[in-house]
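Spelled out from the first residue to the last, the chains are:
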Amino acid sequence: MKRAFRAPCLVRAAGALVLLAALGGCARAPQPVHYFAEGRPAHLSDWQVVFRDRGRLALNARVVPYDLTTPLFSDYAHKLRTLYLPPGSSARYDATQTFDFPVGTIITKTFYYPRGSDAATSVSRTYDQSRDFAGEGLDLSRVRLIETRLLVRRAHGWEALPYVWNAQQTDAELARTGDEVALELLADDGSREAFTYVVPNENQCAGCHVTDLKTKAIAPIGPKARHLNRDYAYAAGTQNQLEHLAKLGYLTGLPAPAEVPRNANWRDSAAPLEARARAYLDVNCGHCHNPKGPADTTGLTFDVATPVDRHLGLCKPPVAAGRGTGDHLFDIVPGHPDDSILPFRLASREPGVMMPEQGRATVHREGLELIREWIAALPGECGV
Amino acid sequence: MAAGCSHPGGPATGKGLSAEEAAFQKHLQEEFLDAKPGTVIEIPAGHHALDRVLTLRANGVTIRGEGTEQSVLSFKNEISGPEGILVYGNDFVIENLSIEDTKGDGLKINDGENITIRGVRVAWTGGPKTTNGAYGIYPVKSRNILIENSSSWGAADAGIYVGQSVNVIVRNCHAEQNVAGIEIENTINADVHDNLATGNTGGILVFNMPNLSQPGHSTRVFHNKVLKNNLANFAARGAAVASVPAGAGVVVNSNSKVEIFDNDIADNQTANLIISAYFSTNYYNKPGIDPNYDPYPRAIYVYDNRFSGGGDAPDGLDLKTLKLAMFGLNGHFPDILWDGYRDEKNLINGVPPADERICIRNGSVSVLNADGPHKYKSPSTDMAAYQCELPKLSPVELPARG
């Protein structure tokens, strides 16, 4: 089924953006996604991938939303991820690596929060996304948009472009040097936590997205088979994401479902603890802590292929942790989360101690609890 | 974004940056983003407060200040980092500036080739504290590195730290108030000379750690002044250097082909020179250590140094007890302290092969074999085992650079 969409009702007048939605309609024909082969457009709306349309953040035609089996933690932000491929092109399936996307591919990730129940300044700390959506877009009466990051596949490789949403939520502006947003998280139990949400600058984008220090090339992290292998509730109905992309012609070479790897959903209590923890570490740590990544200086790897031994930190002395050791001797002491460095660093929000080093300013309570449970259940001892 | 533009719930600056400082940071960040081969990023004179790491991802870039006293980058209010300057690039030069009070490492260079660090001062201005960043100047997994006329103050691990690198010269530098002053770790071919290491916990360290990309070897430590490194160890427990006793001048741990000559090493109160194996660090355990890791120091050659003082107030109960038992309350350890661990499987007629020995040609200097493997039961000052010579290492040569 072809999804209906609305074009953005934006025109430029004397250099200023004017939103016509409030005037009750859009007289212009829908514009297709605009791929810029070079340069850095100043506004997110220039790309026409996701855009403000009346009361929602809408997706253009050919723009497909997706989720990950287990996502990166980003200060409890919700994320709307989208994938756009130029007409007539497709990505090639790979069992372990990021799919090989064609030039002209645009991936977006919009970080947003459900608005807090009490005041305009607080946002909700919740895993419930059921109230966020209006169709495949976002309901702006319910959510507050913070930033939209673009990964654009250009002829020479991927480029990262961060856009920060304005206070009026009408458009997002290019923020190459990043930004900082004061937020307050309001939990269901009424507790509050103020923090500074840090929008990364372009070089910090590479801090996660350069997963191979030799090539130094930026690459998407999420669009891999094991992260995408799950269902998504599309407007046309629920379907496995990989099958959906294959059906649209976005993905070639997809093998039979049984042959496609799948990371566990870290929140799925029915899944084995080990699988949940490894999925969590894979997506939160593995982009740096892999045999080719920037953290290969540490001898510690967390990608999904790492064996459960010293490479994963079991009984491994730290290398360059400084005070990040928390006075503990080893990265992971099986059975003893309180004696292990890994949960200590996940529990910190202090630069120089905390891990990951960037991308969060709050502690991921539930993720930390999962890792502690997993370590507590690990057999063996270090035998010092 | 300037502080004046912030509004409730909207974009805001971090703690503490004025509008001018925020504008300076934005401009500087843009220069780092736009840098390309040949770019010179000038750091003007002034005390510049920044709250976010400066990351560079281009080759062939120079960062240049007007002097360590003039151009100061302060990260006291850093909210995102944790480094001060983080570099992924080749043919990199940084000179004539200061980096202060970073939450993590001051200057980190990862996976670079042809790196010049000249006249850079990294300091934690509150003095030695466990909460200071780990490393001051920190090139890692890099090749062809020159660090000169630079200094580090207050690092909670090592002031000038070269890790997992190849072809390194550290010269005319000053390290003070750090846990380790200068540390060469898992590095191949390093010359450390004409430096001053004083007032640290340990002065100059040559280490090999397990589980890393390469074992190090071939380091020459010469013509340095390594004086009064008696600062109480303030590293967090578990950190690599937390096992270094206060009062350590030069320390060789688990490394091989290390040549120590023509240094002035004085008044380091545990010992002026310590040679040890990984077993003495307390971190050794079977599951956590690569079975191929070599924990022993091999081919250590000490000659023609000028030792004086020191050894009179060793750190740690074991060493205190040992000193008291052997040398009395007012006595002191010999200049060289060896923990006594050696590769028993590799002995020929009870001694290591000729090219793996500890050799000492240093006048009347003496050595204490502390007998660490037997809990200090039979320490010895017999010098016979060290009467040997080793082939001298070649000087490190770096490619010509600008």
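Conventions adopted
Residues numbered from 1 in each chain as written. Chains lettered and ligands numbered in written order. Predicted model: local features only at pLDDT ≥ 70, side-chain atom pairs only at ≥ 80, totals over all residues. Helix = DSSP H or I, 4+ residues; strand = E, 2+ residues; numbered from the N terminus. Buried ≥ 20, exposed ≤ 12 C-beta atoms within 10 Å, placed from the backbone. Contact = placed C-beta atoms within 7 Å. Nonpolar A, V, L, I, M, F, W, Y, C, P; charged D, E, K, R; others polar. Pairing = 2+ DSSP bridges. Axes fitted to C-alpha atoms, helices over the stretch in contact; angles between N-to-C directions. Parallel < 35°, antiparallel > 145°, perpendicular 65-115°, else oblique. Left-handed = near helix turned anticlockwise from the far one by under 90°. Domains from an automatic or database assignment. pLDDT = per-residue confidence, 0-100.

Before going further, it helps to examine the environment of glutamine 358 of chain A. Mapped onto the fold, glutamine 358 of chain A is located in the loop between α5 (341–346) and α6 (365–377). Under the C-beta neighbour-count criterion, glutamine 358 of chain A is labelled buried, with 21 such atoms within 10 Å. For the pair glutamine 358 of chain A and proline 200 of chain A, spaced 158 residues apart in the sequence, the C-alpha separation amounts to 8.3 Å. Not counting residues within four places of it along the chain, the set of residues in contact with glutamine 358 of chain A comprises Pro200, Gln204 and Gly207 of chain A together with Ser80 of chain B.

On to the interface of chain A and chain B. At the junction of the two partners, chain A supplies 52 residues and chain B supplies 52 residues. Contributing elements (two or more residues each) for the side of chain A that touches chain B: β15 (179–187), β16 (192–199) and α1 (202–209) of chain A. Broken down by element, the residue count for the side of chain A that touches chain B peaks at 5 residues, all from α1 of chain A. Class assignment for the residues of the side of chain A that touches chain B results in 22 nonpolar, 18 polar and 12 charged.

All names here are of chain A. Judged by pairing direction, the sheet is antiparallel, and its 6 strands sit side by side in the order β5-β6-β8-β12-β13-β14 without closing on themselves. A single partner strand is all that each edge strand has here, and the edge strands are β5 (63–66) and β14 (172–174). Across the sheet, the mean angle from the axis of one strand to that of its neighbour is 30°, orientation sign disregarded. Here strand β13 (residues 157–165) pairs with β14 via 3 bridges, running antiparallel.

Geometrically, a packed helix pair is captured by the angle between its two axes and the distance between the axes. All names here are of chain A. One way to put it is that helix α4 (residues 273–285) packs onto α6 with a least axis distance of 9 Å and a crossing angle of 130°. In terms of orientation, α4 lies oblique with respect to α6. Where α4 crosses over α6, the handedness of that crossing is left-handed. From α4, Leu273, Glu274, Arg276, Ala277 and Tyr280 reach across to α6, where they touch Gly367, Leu370, Ile371, Glu373, Trp374 and Ala377. Residue classes in the contact of α4 with α6 are distributed as 7 nonpolar, 1 polar and 3 charged.

All names here are of chain A. Read from one edge of the open sheet, 4 strands run β3-β4-β11-β10, paired in antiparallel fashion. Either end of the sheet is taken by a strand with one partner, and the two such strands are β3 (50–53) and β10 (133–134). Pairing between β10 and strand β11 (residues 137–139): 2 bridges, direction antiparallel. Residue pairing for β11: phenylalanine 133 is matched across the bridge by leucine 138.

Interface size is often expressed as the accessible area that is lost when the parts come together. All names here are of chain A. With domains assigned, chain A is organised as domain 1 (38–252) and domain 2 (267–377). Counting from both sides, the interface comprises 27 residues of domain 1 and, opposite them, 18 residues of domain 2. Every element with two or more residues in the side of domain 1 that touches domain 2 is listed here: β16, α1 and α2 (225–228). Split into classes, the residues belonging to the side of domain 1 that touches domain 2 amount to 14 nonpolar, 8 polar and 5 charged.

Moving on, we come to α1 of chain A. Counting buried residues in α1 of chain A gives 8 out of 8 residues, a clear majority hidden from the surface. Within the sequence span of α1 of chain A, burial applies to Glu202, Asn203, Gln204, Cys205, Ala206, Gly207, Cys208 and His209 of chain A. Tucked into the core, α1 of chain A has its buried residues touching β12 (143–154) and β13 of chain A together with α1 (19–34) and β3 (52–56) of chain B.

Right, let's get into the pairing of strand β6 (residues 78–84) of chain A. Residues and elements named next belong to chain A. Judged by how many residues are buried, β6 sits mostly within the fold: 5 of 7 residues are covered. Relative to β6, β5 runs antiparallel, the two sharing 4 bridges. Residue pairing in the sheet places valine 64 in a bridge with leucine 83 of β6. In the sheet, β6 pairs with strand β8 (residues 106–114) via 7 bridges, with the strands oriented antiparallel. Looking across to β8, one finds that lysine 79 is bridged to phenylalanine 111.

Working note: non-glycine residues mostly have negative phi, and peptide bonds are mostly trans. Methionine 355 of chain A connects to proline 356 of chain A through a cis peptide bond whose omega is -10°. Cis geometry marks the peptide bond from glycine 81 of chain B to proline 82 of chain B, where omega comes out at 10°. With respect to the helices and strands, the residue proline 82 of chain B is situated in strand β6 (residues 80–87). Positioned with a positive phi, aspartate 194 of chain B is a non-glycine residue whose angle comes to about 60°. Within the secondary structure layout, aspartate 194 of chain B lies in the loop between β17 (188–193) and β18 (196–198). The exposure class assigned to aspartate 194 of chain B is partly exposed, which follows from the 15 C-beta atoms found within 10 Å. Although it is not a glycine, lysine 228 of chain B adopts a positive phi angle of roughly 50°. The residue lysine 228 of chain B is located in the loop between β21 (225–227) and β22 (248–253) in this model.

Time to look at the pairing of strand β17 (residues 231–234) of chain A. Residue and element names in this part refer to chain A. Examined bridge by bridge, β17 and strand β18 (residues 237–240) share 4 bridges and lie antiparallel to one another. Each bridged residue has a counterpart across the sheet, and for tyrosine 232 the counterpart in β18 is glutamine 239. Between the antiparallel neighbours β17 and β18 lie 2 residues.

In this section: the confidence of the model for chain B. When pLDDT is low, close inspection of the predicted coordinates is not appropriate. Residue and element names in this part refer to chain B. When pLDDT is averaged along chain B, the result is 94, and 96% of the positions lie at 70 or above. Every residue in residues 1–14 is under pLDDT 50, and counting partners more than four places away or in other chains gives 35 contacts. Per the prediction output, this complex has pTM 0.93; the corresponding ipTM is 0.92.

Here we come to the confidence of the model for chain A. Here chain A averages 91 in pLDDT, and 92% of its residues register 70 or above. Counted against residues more than four places away or in other chains, residues 1–29 of chain A, with its pLDDT under 50, gives 41 contacts.

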